[in-house]
Amino acid sequence: MSGQAEISELLNLSARLGRDPLLVQASSGNTSIKLEGTLWIKASGKWLAHATEADTLVPVRLDELQVSLSENDGFSTAGAMVGGDYLRASIETAMHAVLPHKVVIHVHSVNTISWAVRRDGEERLAERLGGLAWCWIPYVASGMPLARMIERALAGTPSATIFVLANHGLVVCGADCRDAEERLAEVERRLAVPARCCCDRATMEPMPGWGLPESPEMHALGIDAVSRRILTGGILYPCQVMFLGPRVVSLSEPEGAAGSVPFALVEGRGVVTSRRMTASQRAVLNGLMHVVQRIEPSAPIRYLSETEVVNLLTEDAHGYHACAERNAQQASVSNAR
Ligand SMILES: [Zn+2]
């Protein structure tokens, strides 16, 4: 297969993944392929869902990335001119570069995250992923810290092709797109969890100053006491805080908080949303709903620490959200599922 055909295959795969709200929300997730000394990787802030319609991949020389890795410089400048625009390579470029496999897929799989936010996640996953070459990666910040953890895991398990990132998501590798996609499907099959509560009894009516979520199933988060407890207990993963803020508000009457948060839980009744909610925020909230509905009521949850949350908020979360939102408009994608 020619290099161009392999890139097309990756773009098609990326778009399929990006359109599955159980795998990718907004601009999250990234894919890459290594071809003749070049890493083709998703650009920062781009949506995988639009991969076949908009410039999405950035070519970066692998030898230059190796120099950056050896100098520990953080890859802040990796990028290239593509279609007349300068595209910055994904924040996870370092991780893709240290993985020796040709194709790497990183997704925010809601099934995986529902296990990966547990303190006992590693033990629980050992039961489900038995026989597969996988590693548990304790939570670290994206970028160079995550790349170093993956390197360390690979040193211990050189055959590993699956990495579960605590409080974050999933990385799956393959010899080509098909191999990686099949492996992803196998992991998804083994980690699948049914959603706890489906909400057909929502009584939420519009409240002054607030809108309502697009999908009525979102009201489960306010009706289901377990979901409310999980959400108000802390922050589960980075995208949650970067797009939806550092706390979840739960109110008996929501008027007081209108406008100050992207959404609020209304105890026993449902969810209200800010009228200014962006497409990215809607996609991330939809993913959060799917995750929370899959966490067992008795699960011991490991929330992000206060320091981890502050670090995420100081890493230009606002700029990243704005970038993701600019890219949201490039194609219309339905996240209804
Ligand atoms: Zn990620």
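The rules we used
Counting of residues starts from 1 at the beginning of each chain's written sequence and follows it residue by residue. The predicted nature of this model means local features are confined to residues of pLDDT at least 70 and side-chain atom pairs, given and counted, to a pLDDT of 80 or more, with totals for whole chains, interfaces and linings taken over all residues. Derived side-chain values reflect all non-hydrogen atoms in the structure, with water molecules and hydrogen atoms excluded from consideration. Whether two strands pair depends on DSSP finding at least two bridges between them. Numbered from the N terminus, helices here are DSSP runs of H or I no shorter than four residues, and strands are runs of E no shorter than two. Angular values range over 0 to 180 degrees, each being the angle between N-to-C directions of two axes fitted as lines to C-alpha atoms, with helices fitted over their stretch in contact. Per-residue accessibility, obtained with a 1.4 Å probe over protein chains only, is compared with the maximum for each type, and a residue is labelled buried under 20%, exposed over 50%, and partly exposed between these values. Under this rule, positive means Lys or Arg and negative means Asp or Glu; His and the chain ends count for nothing. What makes a salt bridge here is a side-chain nitrogen of Lys or Arg within 4 Å of a carboxyl oxygen of Asp or Glu, nothing more. Throughout, a contact is declared for two residues whenever any of their heavy atoms are within 4.5 Å. To estimate the expected span of a helix, subtract one from its residue number and multiply by 1.5 Å. The rule for donors is simple: an N, O or S atom within 2.8 Å of the metal counts, and for Na, K and Ca the reach is 3.2 Å. Water is not among the atoms, so a site may look short of donors. To qualify as a nonpolar core, a set must consist of buried Ala, Val, Leu, Ile, Met, Phe, Trp, Tyr and Cys residues joined through side-chain atoms within 4.5 Å. An automatic or database domain assignment supplies the residue ranges for each domain. Only a pair of cysteine sulfur atoms within 2.5 Å qualifies as a disulfide here. The quantity reported as buried area is the accessible area (1.4 Å probe) lost by two parts once they are put together, taken as the sum for both. Residues adjacent in sequence count toward polar contacts only when both atoms are side-chain atoms; beyond that, a polar contact is any pair of N or O atoms within 3.5 Å, and within protein one must be able to donate a hydrogen and the other to accept it. Here the nonpolar group is Ala, Val, Leu, Ile, Met, Phe, Trp, Tyr, Cys and Pro; Asp, Glu, Lys and Arg are the charged ones; every other residue, Gly included, is treated as polar.

Quick notes on the sheet that holds strand β10 (residues 249–251)
Link 1 in the chain: The strand order across the open sheet built from three strands is β10-β11-β12, with neighbouring strands paired in mixed fashion. Taken across any chain shown, the strands that pair with only one partner, and hence form the sheet edges, are β10 and β12 (270–273). Taking the axes of each pair of neighbouring strands and ignoring which way they run, one obtains an average angle of 30° across the sheet.
Link 2 in the chain: Two strands pair when backbone bridges link them, and β10 and strand β11 (residues 263–266) are joined in this way by three bridges, in the parallel orientation. Looking at β11, one finds that Leu-251 is bridged to Val-266.

Considering the side chain of Glu-92
Link 1 in the chain: Looking at where Glu-92 falls in the secondary structure, it is placed in the loop between β5 (85–88) and α3 (93–98).
Link 2 in the chain: The side chain of Glu-92 sits in the buried core without any salt bridge; Lys-42 is the nearest counter-charge, 9.8 Å away.
Link 3 in the chain: Discounting residues that sit within four places of it in the chain, Glu-92 has contacts with Asn-30, Ile-41, His-106, Ser-142, Gly-143, Leu-146 and His-168.

Thoughts on the sheet that holds strand β9 (residues 169–174)
Link 1 in the chain: Reading across from one edge, β3-β2-β1-β6-β9-β8-β7 is the order of the seven strands in this open sheet, with mixed pairing throughout. In this open sheet, the two strands that pair with only one neighbour each are β3 (57–61) and β7 (134–137). On average, each strand axis in the sheet is tilted by 15° relative to the strand beside it, whichever way the strands run.
Link 2 in the chain: Where helix α1 (residues 3–18) meets the sheet, its contacts fall on β1 (30–35), β2 (38–42), β3 and β6 (103–107), and the angle it forms with β1 comes to roughly 170°.
Link 3 in the chain: The strands touched by helix α5 (residues 121–128) are β7 and β8 (162–165); relative to β7, the strand with the most contacts, the crossing angle is about 165°.

Focus: helix α11 (residues 279–292)
Link 1 in the chain: Along its 14 residues, α11 runs 20 Å from first to last C-alpha, staying within 8% of the 20 Å computed at 1.5 Å per residue.
Link 2 in the chain: Here α11 lies mainly inside the structure; twelve of its 14 residues are buried.
Link 3 in the chain: Listing the buried residues of α11 in full gives Ser-280, Gln-281, Ala-283, Val-284, Leu-285, Asn-286, Gly-287, Leu-288, Met-289, His-290, Val-291 and Val-292.

Let's talk about the coordination of the zinc ion
Ideal donor angles around a metal are set by the shape: a four-donor tetrahedron calls for 109.5 degrees, a six-donor octahedron for 90 or 180 degrees.
Link 1 in the chain: At this site the zinc ion is bound by His-106 (NE2), His-108 (NE2) and His-168 (NE2), with donor distances of 2.1 Å.
Link 2 in the chain: Summarised as a motif, the one-chain spacing of the donors to the zinc ion is H-x1-H-x59-H.
Link 3 in the chain: Owing to a relative accessible area of 7%, His-108 belongs among the buried residues under this scheme.

Side note on helix α6 (residues 144–156)
Link 1 in the chain: Spanning 13 residues, α6 covers 19 Å between terminal C-alpha atoms, matching the ideal 18 Å at 1.5 Å per step.
Link 2 in the chain: Those residues of α6 not exposed but buried are Met-144, Leu-146, Ala-147, Met-149, Ile-150, Ala-153 and Leu-154.
Link 3 in the chain: Those residues of α6 hidden inside the fold are in contact with α2 (62–71), α3, β7 and β8.

Notes on the nonpolar core
Link 1 in the chain: Among the nonpolar cores identified, the biggest contains 70 residues, and Leu-221, Leu-236 and Leu-288 are the most heavily contacted of them.
Link 2 in the chain: A per-element tally of this core places α11 first, with seven residues.
Link 3 in the chain: Counting only domains with at least three residues in this core, you end up with domain 1 (3–191) and domain 2 (216–328).
Link 4 in the chain: For Leu-236, the contacting residues outside a window of four places in its chain are Val-117, Asn-167, Ile-230, Leu-288, Val-292, Ile-295, Ile-301, Tyr-303 and Leu-304.

Focus on the state of the cysteines
By definition, a disulfide is the covalent link that joins the sulfur atoms of two cysteine residues.
Link 1 in the chain: Tallied over the full model, the rule gives zero disulfides.
Link 2 in the chain: Left unpaired, Cys-135 is separated from the closest cysteine sulfur, that of Cys-173, by 9.9 Å.

Points about the pattern of salt bridges
Link 1 in the chain: Within this structure, the stated rule accounts for 16 salt bridges.
Link 2 in the chain: A salt bridge links Arg-124 to Glu-127; the shortest N-O distance between them is 3.6 Å. With Arg-124 and Glu-127 both in helix α5 and three residues apart, this pair spans about one turn of that helix.
Link 3 in the chain: Between Arg-183 and Asp-179 there is a salt bridge; the shortest N-O distance is 3.4 Å. Of the two residues, Arg-183 and Asp-179 are both situated in helix α7 (residues 177–191); the distance of four residues between them amounts to about one turn of the helix.
Link 4 in the chain: Each of Arg-118, Asp-120, Arg-124, Glu-127 and Glu-296 takes part in a single network of salt bridges with overlapping partners.

Comments concerning the domain arrangement of the protein chain
Link 1 in the chain: The domain boundaries assigned to the protein chain delineate domain 1 (3–191) and domain 2 (216–328).
Link 2 in the chain: The gap between the C-alpha centroids of domain 1 and domain 2 is 24 Å.
Link 3 in the chain: Between domain 1 and domain 2, the residue contacts involve 25 residues of the former and 29 residues of the latter.
Link 4 in the chain: Counting the surface lost from both domain 1 and domain 2, the interface buries some 2,300 Å², and carbon and sulfur atoms represent 61% of this.
Link 5 in the chain: For the pair domain 1 and domain 2, the number of links is two salt bridges.
Link 6 in the chain: Linking domain 1 with domain 2 are ten residue pairs in polar contact (both at pLDDT 80 or more), by the criterion used here.
Link 7 in the chain: A total of five residues in the side of domain 1 that touches domain 2 trace back to one element, the largest contributor, which is helix α4 (residues 110–116).
Link 8 in the chain: Its residues assigned to classes, the side of domain 1 that touches domain 2 comprises nine nonpolar, eleven polar and five charged.

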